[in-house]
Amino acid sequence: MIVLKTSEEIGRIRESNHIVANILSALREKVKPGITTGELDTYSEELARKRGAIPAFKGYMGYPYSLCISVNSEVVHGLPSYERALVSGDIVSLDFGVYYNGYYGDAALTVPVGDVSVEAARLIGITERGLYEGIRQAKAGNRLGDISAAVQGCVEAAGFSVVRDFVGHGIGKNLHEEPQIPNYGVRGRGVELKAGMVLAIEPMVNEGTYKVKVLENGWTVVTEDGKLSAHFEHSVAITKNGPDILSVMQ
Ligand code: MF3
Ligand code: CO
């Protein structure tokens, strides 16, 4: 069942997402050669608690950290570590969520560390563009497949591939609600989008094959071919005036 939110609830989900967006922005400032992914995790939790918010991922399905940090060929759910220092040329995805005042916020971005290759920069740019192409389709009367097809079309036209095994999701009183939002699909198919839906749209885009595997730690998803992957996510409300991106700074 897809839960429709009142405008008051959307206001609260916006507050949670403002916290997420502000923290992601602070984390992005910290991303430099030499910092460890463990330090970024600790910092994310400190910032959330300072604002009275609870890190949403810690303990979720047993996930042990506050932040998911996925470097280079890691797609999602990379585990932070004080042993892992970032180096120039890396690309790093930061995925963060909070629970605040009864509602969840969830967003992600990928940033370059120091100087990255032209191809890595292009992958990051196309992944973010794919997210915005998807968001543009998030309006009442459209179908879920319109979002999926828009993301896929943008990504594949650029010569990259869309991860199949992980998808976006509804968000609200729960971190993961219906519907699932694949980043591949067919225009005009799927459930009709309605005002009051709040969707976390999150393309994961690979440089090479779309195929992924999970490492032995049970969490970290990596590309099967070892090539790069990028990830962007926004939580978006569908309103009668079109898509409203909630996970922006305030
Ligand atoms: N942003 C991810 C998602 O939307 C959340 C991480 S999953 C967790 O599914 F298990 F690590 F929390
Ligand atoms: Co998400």
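Residues numbered from 1 in each chain as written. Chains lettered and ligands numbered in written order. Predicted model: local features only at pLDDT ≥ 70, side-chain atom pairs only at ≥ 80, totals over all residues. Heavy atoms only, no water.

Explain the sheet that holds strand S11 (residues 212-214) residue by residue, including any values.
Sheet architecture is open: three strands sit in the order S3-S12-S11, paired in antiparallel fashion. Only two strands of the sheet have a single neighbouring strand rather than two, namely strand S3 (74-76) and S11. Put simply, the sheet's adjacent strands are angled 40° from each other on average, direction ignored. One ladder, built from three bridges, connects S11 with strand S12 (residues 221-223); its direction is antiparallel. (Pairing = 2+ DSSP bridges. Helix = DSSP H or I, 4+ residues; strand = E, 2+ residues; numbered from the N terminus. Axes fitted to C-alpha atoms, helices over the stretch in contact; angles between N-to-C directions.)

Describe helix H3 (residues 118-136), and please don't skip the residues or the numbers.
Compared with an ideal rise of 1.5 Å per residue, which puts 19 residues at 27 Å, H3 spans 27 Å between its outermost C-alpha atoms and is within 8% of the ideal. Of the positions making up H3, those classed as buried are Ala120, Leu123, Ile124, Ile126, Thr127, Gly130, Leu131, Gly134 and Ile135. (Expected span 1.5 Å × (residues − 1). Buried < 20%, exposed > 50% of the residue type's maximum accessible area, 1.4 Å probe, protein only.)

Residues and numbers for the coordination of the cobalt ion (ligand 2), please.
Within the protein, the atoms that donate to the cobalt ion (ligand 2) are Asp106 (OD), His169 (NE2), Glu202 (OE) and Glu233 (OE), at distances of 2.0 to 2.3 Å. In the primary structure, the donors to the cobalt ion (ligand 2) are separated according to the pattern D-x62-H-x32-E-x30-E. Of this pair, histidine 169 sits in strand S7 (residues 168-170) while glutamate 202 is found in the loop between strand S9 (198-201) and strand S10 (204-206), placing the two residues 33 residues apart along the sequence. For the pair formed by histidine 169 and glutamate 202, the shared burial category is buried. (Donors = N, O, S within 2.8 Å, 3.2 Å for Na, K, Ca; no water.)

So, the site of ligand 1: which residues are in play, and what are the values?
For ligand 1, the full set of nearby residues is Phe57, Tyr60, Tyr63, Cys68, His77, Asp95, Asp106, His169, His176, Glu202, Trp219 and Glu233. At 2.6 Å from a nitrogen atom of ligand 1 is found a side-chain nitrogen or oxygen belonging to aspartate 95. In isolation ligand 1 has 330 Å² of accessible area, and contact with the protein removes 94% of it. When its residues are assigned to classes, the shell around ligand 1 shows five nonpolar, three polar and four charged. (Near = heavy atom within 4 Å. Polar contact = N/O pair within 3.5 Å; in protein donor to acceptor, adjacent residues only side chain to side chain. Areas by Shrake-Rupley, 256 points an atom, 1.4 Å probe, with all protein chains shown as cover. Nonpolar A, V, L, I, M, F, W, Y, C, P; charged D, E, K, R; others polar.)

So far we have only geometry, and geometry alone does not tell us how the molecule works.
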